[in-house]
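Now for the letters of each chain:
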Amino acid sequence: MKLNAKLTLCMLLVGVTAAMLVGGIAYGLLMRDFRQSVQDQAFNHFQFDVGAYLTRYGSWERGRAQESFHQFVQRTRGVLEFNAMNGTGARPGVPGPPQNVVQGSVGPQSGSASPDPTQANINDASAFLRGGMAPFLFMLTDPTGVVVKPGPGYAAGEQIASDLLKQGRPIEQGGRVVLLAIPLGEPNLTPQDLSYLAAMRRALGFGMVGAALLALALGLLFSRRVCNRVYDMTAAVHAMRANGELEQEVPVRSRDEIGELAAAFNRMSRDLACAHAEMREAAVRDPLTQLHNRRYFNEQAALAFEQAMRYDQPLCVMIADLDHFKQINDSFSHGVGDEVLKRVAQLLQQNIRKSDILARHGGEEFVILFPQTSLQQAYERCERLRRQIEASDWQQVHPQLRVTLSIGLNDALALGSIERMLSAADEALYAAKRAGRNRIEPVAA
Ligand SMILES: Nc1nc2c(ncn2[C@@H]2O[C@H](COP(=O)(O)OP(=O)(O)OP(=O)(O)O)[C@@H](O)[C@H]2O)c(=O)[nH]1
């Protein structure tokens, strides 16, 4: 799999996971708070109705002997609904006590001694209208946990478990706790509640899809940015290998690790190109005289020969050999011999044109290629070189030192190759040696 696909996928996975996690937690918290809110409001109404019942009848037992709590609530419901419908109206989604289970308020028939809580709670009553559904079911116990008003699974007079008792919410009368309301089961949600929760779920779903799309877009953007920088370096490496262009420069677009890598790559590329150039130079240089060596000369001479043939231009090759060099070594030391080689190289280098190609051919032999030069012109140049070397102040090196050289010259392009021209020049050189040395022997075409 490609790097950009991996990075995009990674970002997408992280984005989707984060969105699901955050969305899930948000939905869980929302549901928890919503249920708690339903239960709290249901308890408020229930507490009010129980309070009214107790106020009406004095105690739960006396009340049950007269009228059940259920009937009490149902009897008072008509008044509450009437008042609510002519009052503030129903509030969708706001929990309230049920019509037909346990919550309610005291009606007008509740006796002259008691206050009329219905009148005092018209606004509360409006909240009771939840489509005939109980918002929440409560069981009642006395403060010690003995069931007074039973609920599913619990009979009157039964002692409830201590962990359930801990959930009990106190109902007070006259400043003391008279009963505990124990919440049972899940809240009943109205269609408005359910549609509200469905809308929340939809909103969270859209949020998650949006987050996933954003993560995908960011993933694509991010992976493109990262990969483009990696591609730059890959392309540079390919160019180094394919074209041998070791000096490559990739843009350093940032200061992060990839930017550092790009900068390090550029440094490495420069160092490599430099080292390679030095190596190449060392491979074609003679370490003693610093002249080019025979390998370099052969390459360049072959090219010059091709060019001369193609454009029908003159070309001369010269080969020179120091006279009695063995004697110089033997008489004055190899150090003196080396010094002579270096000075001759310098003299030759300083007295030819830039376009001429000079090299140490080996031992005490030097070669020069004279492009676009006639035999006559080359002869004159060689003669000047011969004289300059002979006339040089060799006493500086050793008091008895005398240095001369013999030269063979050839311009015969017709020989067909630079190698043949060189061997012809070599033959001319030996002719010059045989003829007494310190002279030039030209071989005419
Ligand atoms: N000092 C020194 N001597 C070298 C070097 N390369 C070759 N020589 C010596 O050059 C000498 C060449 O001697 P020969 O080939 O006999 O030629 P010659 O003595 O110059 O005699 P002719 O060419 O006939 O004039 C040998 O003694 C080599 O050891 C070098 O790099 N340094």
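Just so you know, the residues in each chain are numbered from 1, in the order the chain's sequence is written. Predicted model: local features are reported for residues with pLDDT of at least 70 only, side-chain atom pairs are reported and counted for 80 or more only, and whole-chain, interface and lining totals are derived from all residues. With hydrogens and water excluded, all non-hydrogen atoms of the structure serve as input to the side-chain values.

Participant: Which residues make up the overall build of the protein, and what values go with them?
Facilitator: Along the protein, the regular secondary structure elements total 13 helices and nine strands. The buried label goes to any residue with under 20% of its type's maximum accessible area, the exposed label to any with over 50%, and the partly exposed label to all in between, with areas taken from a 1.4 Å probe on protein chains only. Scored against the burial criterion, the 445 residues of the protein give a buried share of 41%. By sequence separation, contacts in the protein at least 24 residues apart represent 68% of the contacts at least 6 residues apart. The accessible surface values rely on the Shrake-Rupley method and a 1.4 Å probe; as for residues, cover is taken only from the protein chains in view. For the protein, the accessible surface area stands at approximately 24200 Å², while carbon and sulfur atoms represent 55% of it. Every helix listed is a DSSP run of H or I at least four residues long, and every strand listed is a run of E at least two residues long, numbered separately from the N terminus. Here, residues are in contact when the closest pair of their heavy atoms is within 4.5 Å.

Participant: Lay out helix 9 (residues 294–311) in plain terms, naming residues and giving numbers.
Facilitator: Under the convention used throughout, the expected extent of a helix is 1.5 Å for every residue step, that is, one less than its residue count. With 18 residues, helix 9 extends 25 Å from end C-alpha to end C-alpha; this agrees with the ideal 26 Å at 1.5 Å per step. Each element contacted by the buried residues of helix 9 is listed here: strand 5 (315–322), strand 6 (357–362), strand 7 (365–371) and helix 13 (418–434). Capping the start of helix 9, Asn293 holds a side-chain oxygen 3.3 Å from the backbone nitrogen of Arg295, two or three residues further along. Each polar contact in these results corresponds to two N or O atoms within 3.5 Å; when the atoms are within protein, one needs to be able to donate a hydrogen and the other to accept it, and residues that are neighboring in sequence are counted only if both atoms are side-chain atoms.

Participant: Let's hear about the pairing of strand 1 (residues 137–141): which residues, and what values?
Facilitator: Within strand 1, four of the five residues are buried, which leaves the element mostly enclosed by the surrounding structure. Note on pairing: DSSP must find at least two bridges between two strands before they are called paired. Both strand 1 and strand 4 (residues 176–184) contribute to a ladder of five bridges, which runs antiparallel. Across the sheet, residue Met139 finds its bridge partner in strand 4, namely Ile182. Hairpin connection from strand 1 to strand 2 (residues 147–149): five residues lie between these consecutive antiparallel strands, with Gly145 at a positive phi of about 100°.

Participant: Help me get a handle on the side chain of Asn438, residues and values and all.
Facilitator: Residue position: Asn438 is located in the loop between helix 13 and strand 9 (440–443). Not counting residues up to four positions away in its chain, the partners in contact with Asn438 are Asp323, Arg386, Glu390, Arg402, Thr404, Leu405 and Ser406.

Participant: Residues and numbers for the site of the ligand, please.
Facilitator: The near set for a molecule or strand comprises every residue that places at least one heavy atom within 4 Å of it. The immediate surroundings of the ligand are formed by 17 residues, with His324, Phe325, Lys326, Asp338 and Arg360 found nearest. The separation between an oxygen atom of the ligand and a polar side-chain atom of Asp321 is 2.9 Å. Contact distances for the ligand include 2.7 Å between a nitrogen atom and a side-chain N or O atom of Asp338. Protein coverage of the free-state accessible area of the ligand, which is 650 Å², stands at 67%. Those elements giving two or more residues to the shell around the ligand turn out to be strand 5, helix 10 (325–332) and helix 11 (334–350).

Participant: Give me the lowdown on the sheet that holds strand 6, citing residues and values where you can.
Facilitator: Through backbone hydrogen bonds, the strands of a sheet pair up, either in parallel or in antiparallel fashion. Pairing is mixed across the open sheet formed by five strands, whose spatial order is 6-7-5-8-9. Single-partner strands in this sheet number two, and they are strand 6 and strand 9. In this sheet, adjacent strand axes meet at a mean angle of 20° when their direction is disregarded. Bridge count between strand 8 (residues 405–410) and strand 9: four bridges; the pairing is parallel. Bridge pairing in strand 9 links Asn410 to Val443. Only the stretch in contact is used when a helix axis is fitted, and all axes are lines through C-alpha atoms; the angle between N-to-C directions ranges over 0 to 180 degrees. On top of the sheet, helix 13 reaches strand 5, strand 6, strand 7, strand 8 and strand 9; it is set at about 140° to strand 8, its chief contact.

Participant: Pulling in residues and values, what's your account of the packing of aromatic side chains?
Facilitator: Here a Phe, Tyr or Trp ring, Trp counted by its six-membered ring, pairs with any other such ring whose centre lies within 6.5 Å, and the pair is stacked when the planes are under 30 degrees apart, edge-to-face when over 60, and tilted otherwise. By the definition in use, this model includes 10 aromatic pairs. Ring geometry for Phe43 versus Phe138: centroids 5.8 Å apart, planes at 65°, classification edge-to-face. Here the residue Phe43 occupies a position in helix 1 (residues 3–57), and Phe138 occupies one in strand 1, the gap between them amounting to 95 residues. Residue classification places Phe43 among the buried positions, given a relative accessible area of 6%. Grouped by ring-pair contacts, the aromatic residues Phe43, Phe46, Tyr53, Tyr57, Trp60, Phe69, Phe72 and Phe138 constitute a single cluster.

Participant: Can you explain the packing of helix 9 against helix 13? Please cite residues and give values.
Facilitator: Taken N-terminus to C-terminus, the directions of helix 9 and helix 13 make an angle of 110°; their axes are 9 Å apart at the nearest point. By the angle between their directions, the pair helix 9 and helix 13 is classed as roughly perpendicular. Counted together, Phe297, Asn298, Ala301, Ala302 and Phe305 of helix 9 and Ile418, Met421 and Leu422 of helix 13 form the full contact between these two elements. Split into classes, the residues belonging to the contact of helix 9 with helix 13 amount to seven nonpolar, one polar and no charged. When an angle is under 35 degrees it counts as roughly parallel; over 145 it counts as roughly antiparallel; between 65 and 115 it counts as roughly perpendicular; any other value is oblique. Side-chain classes follow a simple rule in which Ala, Val, Leu, Ile, Met, Phe, Trp, Tyr, Cys and Pro form the nonpolar group, Asp, Glu, Lys and Arg form the charged group, and the remainder, Gly included, forms the polar group.

Participant: Explain the environment of Phe222 to me, using residue names and the numbers behind them.
Facilitator: Examined against the element boundaries, Phe222 turns out to sit in helix 7 (residues 191–243). You can call Phe222 partly exposed: its relative accessible area is 40%. With 218 residues separating them in the primary sequence, Phe222 and Asn4 have C-alpha atoms 8.6 Å apart. With residues near it in sequence (within four places) discarded, Phe222 still touches Leu7 and Met11.

Participant: So, unusual backbone geometry: which residues are in play, and what are the values?
Facilitator: Of note, Gln290 is a non-glycine position whose phi angle comes to about 65°, a positive value. For Gln372, which is not a glycine, the phi torsion comes out positive at approximately 50°. Here Gln372 is to be found in the loop between strand 7 and helix 12 (375–391).

Participant: For the side chain of Asp356, give the residues involved together with the corresponding values.
Facilitator: Within the secondary structure, Asp356 is located in the loop between helix 11 and strand 6. Classification of Asp356 by relative accessible area gives buried; the value is 7%. Engagement of the side chain of Asp356 in a polar contact is seen with the backbone nitrogen of Arg353, the distance being 3.0 Å. Ignoring any residue separated from it by four or fewer positions in sequence, one finds Asp356 in contact with Ile368, Leu369, Phe370 and Pro371.

Participant: So what about the confidence of the model for the protein? Which residues, and what values?
Facilitator: Averaged over every residue, the pLDDT of the protein is 85; the share at 70 or more is 86%. Residue-level confidence of the predictor is what pLDDT reports, using numbers from 0 through 100. Across the protein, the element-wise mean pLDDT spans from 34 in helix 5 (residues 122–126) up to 98 in strand 7. In the predicted assembly, ipTM is 0.95 and pTM is 0.55.

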